[in-house]
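The primary structure of each chain is shown beneath.
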Amino acid sequence: SEVDKEEAFQAVSAFIRNLALWSLLLVGLIPLLAYFFARTIVRPLDKLTAVAKEMAAGNLSVKTGLCRKDEIGTLACSFDTMSESIKQMMDKLEEANSTLEAKVISRTQEIASAHEKIKSIIDNANDAIITIDEQHNIFEKQRSIVWENQEMQGHAVLTQVLFFLEDKEVRY
């Protein structure tokens, strides 16, 4: 029995037709699947980039909303946690800054008040007042003190007192 040529190649032709059909289908489907797969990666990364830019601009209340169970989700959750931590630290710093400013104002007022009291005491003192530095040198004297024969400022205290005592002829 002779098999017709067409009949003999019918199975091969069907296989080639099916192979071509599946090849075309895969050629069209693979890029489409790759596009959707890429979008599942790119879209969250775009969101993370936008959130990072917002945070860099100072908006620490922005959240990613991408807490998923993959690496990108872990990164997104870390971003959210980081922004909350930074926001809490900034709030604490602002509170400390305002408290510090109030303390500085209070201390400045206390110092000014003490300065005025001391100035008033010195200006109204009947006795001689001599101000000395750490090396025991006179660097300021009350204006009511009259030093004779020599300028005393910058000399050692003991020398000045002796000069003062000698000039006034006061002996102990």
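Residues numbered from 1 in each chain as written. Predicted model: local features only at pLDDT ≥ 70, side-chain atom pairs only at ≥ 80, totals over all residues. Heavy atoms only, no water.

## As for the pattern of salt bridges
Heads up, the condition is: Each salt bridge in this description consists of a side-chain nitrogen of Lys or Arg and a carboxyl oxygen of Asp or Glu lying within 4 Å of one another. A run of H or I in DSSP counts as a helix once it spans at least four residues, and a run of E counts as a strand once it spans at least two, with each numbered from the N terminus. Only protein chains enter the area calculation, which uses a 1.4 Å probe; residues under 20% of their type maximum are buried, those over 50% are exposed, and those in between are partly exposed.
Under the criterion given, the structure shown has three salt bridges. The closest approach of N and O atoms between E84 and K63, which form a salt bridge, is 3.3 Å. Taken together, the residues E84 in helix α2 (residues 71-123) and K63 in the loop between α1 (5-56) and α2 connect sequence positions 21 residues apart. A residue is classified by how much of its surface remains accessible, and K63, at 36% relative accessible area, is partly exposed. Measuring nitrogen to oxygen at the nearest pair gives 2.5 Å for the salt bridge that ties R68 to D70. Looking at R68, the relative accessible area reads 33%, which means it is partly exposed. Among the residues examined, D70 registers a relative accessible area of 26% and is labelled partly exposed.

## Some words on α1
For the record, the criterion: How far a helix is expected to stretch is found by multiplying one less than its residue total by 1.5 Å. By definition, a residue's bend is the angle between the axes fitted to the seven residues ending there and the seven starting there. Contact definition: two residues touch when any of their heavy atoms are within 4.5 Å.
The first and last C-alpha atoms of α1 sit 75 Å apart over 52 residues, in line with the 76 Å expected at 1.5 Å per residue. Maximum bend of α1: about 35°, positioned at A11. For α1, the full list of buried residues reads P44, L48, V51 and M55. On its buried side, α1 packs onto α2.

## Details of the confidence of the model for the protein
Here is the rule: The pLDDT value tells you how sure the predictor is about a given residue, anywhere from 0 up to 100.
Looking at the protein as a whole, the pLDDT averages 78, with 74% of positions reaching at least 70. Here helix α3 (residues 157-168) stands out as the least confident element of the protein, with mean pLDDT 46; α2 is the most confident, with 90. Here residues 143-150 is modelled with pLDDT under 50, and outside its nearest four sequence neighbours on either side it reaches 15 contacts, counting other chains as well. Taken together, the stretch residues 160-172 has pLDDT below 50 and engages in 14 contacts with residues farther than four places along the chain or on a different chain.

## Some words on the packing of α1 against α2
So the rule is basically this: All axes are obtained by fitting lines to C-alpha atoms, using only the stretch in contact for helices, and the reported angles, taken between N-to-C directions, cover 0 to 180 degrees. Oblique is the label for any angle not covered by the other classes, which are roughly parallel (under 35 degrees), roughly antiparallel (over 145) and roughly perpendicular (65 to 115). Each crossing is labelled by how the near helix is turned from the far one, with a counterclockwise turn of less than a right angle marking it left-handed and a clockwise turn marking it right-handed. Lys, Arg, Asp and Glu make up the charged group, whereas Ala, Val, Leu, Ile, Met, Phe, Trp, Tyr, Cys and Pro make up the nonpolar group; the residues left over, Gly among them, are polar.
Where α1 meets α2, the axes come as close as 11 Å, and the angle between the chain directions of the two elements is 15°. Taken together, α1 and α2 sit at an angle that is classed as roughly parallel. Viewed along their axes, α1 and α2 form a crossing whose handedness is left-handed. Of the residues in α2, those in contact with I41, P44, L45, L48, A52 and M55 of α1 are I72, L75, A76, F79, M82 and S83. Of the residues that constitute the contact of α1 with α2, the class distribution is eleven nonpolar, one polar and no charged.

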